[in-house]
Amino acid sequence: SDIQTKKSYSTEAKAAAACVKDKKTCSGFVLKSKKYYLTKGWTLYTDSDYTAFVRNHKKMTKVEYSIYYTYFYKVDGPFIHSKLGKTAYTTKKKCLTACNKSTKCKGCSYKESKKKYYTSTTKIFYLGEGNDRAYTKRGKAIVKDGYVWSTEDDGHKIVGDYLDSTTHTTLAKAMAACAKKTGCTGVTKTASKKYRLGKKDTAEEKTGMRPYFRGSKIVTYRLKIWTLIPGMVLTSQQKTSYKTYKKAMVACTKSSKCTGVNYVSKKYYTAQGTSLTPSSGNKCWMLGTDYTPYFTYDNTVWYYKEGYKTTGDIGFGTTSYSTRNKAMYKCARNPICNS
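Here's what I pulled together on the structure shown here. Here the structure is a predicted model, which means the values were calculated and not measured. (Residues numbered from 1 in each chain as written. Predicted model: local features only at pLDDT ≥ 70, side-chain atom pairs only at ≥ 80, totals over all residues. Heavy atoms only, no water.)

1. Details of the environment of Tyr291
Then, in step 1: Residue position: Tyr291 is located in the loop between β22 (276–290) and β23 (294–297).
Then, in step 2: Separated by 67 residues in sequence, Tyr291 and Lys224 place their C-alpha atoms 5.0 Å apart.
Then, in step 3: The residues touching Tyr291, leaving out its near neighbours within four places in the chain, are Tyr68, Val143, Thr220, Leu223, Lys224 and Ile225. (Helix = DSSP H or I, 4+ residues; strand = E, 2+ residues; numbered from the N terminus. Contact = heavy atoms within 4.5 Å.)

2. What about the state of the cysteines?
Working definition: the covalent bond between the sulfur atoms of two cysteines is a disulfide.
Then, in step 1: Across all of its chains, the model carries 6 disulfides by this definition.
Then, in step 2: Each disulfide pairs two cysteine sulfurs, and for Cys252 the partner residue is Cys258, the sulfurs being separated by 2.0 Å. Of note, the bridge from Cys252 to Cys258 carries an S-S torsion of about -105° and is left-handed in sense. The burial state of Cys252 is the same as that of Cys258; both residues are buried. (Disulfide = S-S within 2.5 Å. Buried < 20%, exposed > 50% of the residue type's maximum accessible area, 1.4 Å probe, protein only.)

3. Topic: the pattern of salt bridges
Charged atoms that come close allow side chains of opposite charge to pair.
Then, in step 1: Applying the stated criterion across every chain, the model contains 10 salt bridges.
Then, in step 2: A salt bridge links Glu204 to Lys157; the nearest nitrogen and oxygen atoms lie 3.6 Å apart. Placement of the pair is Glu204 in strand β16 (residues 203–205) and Lys157 in strand β13 (residues 156–158), with a sequence separation of 47 residues.
Then, in step 3: With a relative accessible area of 33%, Glu204 lands in the partly exposed category.
Then, in step 4: Between Lys224 and Asp290 there is a salt bridge, with the nearest N and O atoms lying 2.4 Å from each other. (Salt bridge = Lys/Arg side-chain N within 4 Å of Asp/Glu carboxyl O.)

What follows is the structure in structure tokens.
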């Protein structure tokens with residue numbers, strides 16, 4: 001594992017007992033040279049000198065992704081925040097809504113043992129059990145170029161050197177470039193009309209700068225945000241298969257029990273579970289909050305609703321246009337045109 005303690009134990013049983021006693025931080029233990037050492041990390045490495053024992057009595061699966069809920073929330077499991085409020089919320093939506101309204105709230109935690117959500121006054125979290133989740137609040141969220149981004153505080157930059165030598169003139173151009181590079185973690189505004197790509201996932205203080213961190217890949221469809229989680233699928237997968245993810249998402253939005261869409265063996269399925277399980281070569285889109293994509297064209301904000309049409313007469317007679325932009329140009333100058 002990536003974090004090994006110094007104290008050793010003479011037997012497997014003693015190491016296991018010590019790990020259970022320190023359940024808030026211990027993820028297991030390793031055997032090396034006839035001695036056992038507790039571990040605090042989850043990353044496994046190939047090393048013939050070691051044997052790893054991973055704590056999993058609650059069928060724990062390490063998960064890490066981010067979601068949009070007005071703010072950017074980083075999700076880590078199976079972890080839980082160390083300082084929880086007394087009020088228990090029955091749904092994630094209710095807890096995150098309450099957290100958004102409070103400047104003191106640093107996130108929400110889901111306790112599987114109680115099946116309830118609690119707000120937190122700290123961003124610090126410890127190792128939990130089973131499907132415990134820590135939703136840590138970051139800055140205001142931006143949805144752009146297929147990702148959710150976190151707007152961080154002024155006076156900071158992404159740690160270390162920049163990813164490349166290119167300086168972009170706008171945030172939009174920098175985000176578009178970052179979205180295309182696998183090693184990019186975000187964008188730092190270094191000065192007016194100057195943006196650089198970063199390659200680390202933490203920030204450091206730097207006067208006059210501001211970082212924007214890239215989160216999970218997302219899809220906006222059916223006026224919802226769907227968070228892509230590769231290598232994992234949602235539990236309680238339903239039997240009906242669909243040929244495209246959009247058809248599965250349409251079916252999902254029609255069911256109050258649906259929690260997302262799984263892609264398994266080149267087919268798409270709706271799911272009703274909240275737990276995630278590893279599934280090599282497969283993936284899922286977790287159903288998120290309401291969201292209407294928008295963009296600016298011709299000094300006008302346009303809301304984009306894929307899969308829908310507007311009511312009323314279409315075309316003001318028989319007029320049609322060969323491109324979207326031509327139609328928008330005409331609409332923006334017509335006092336009775338709404339879409």
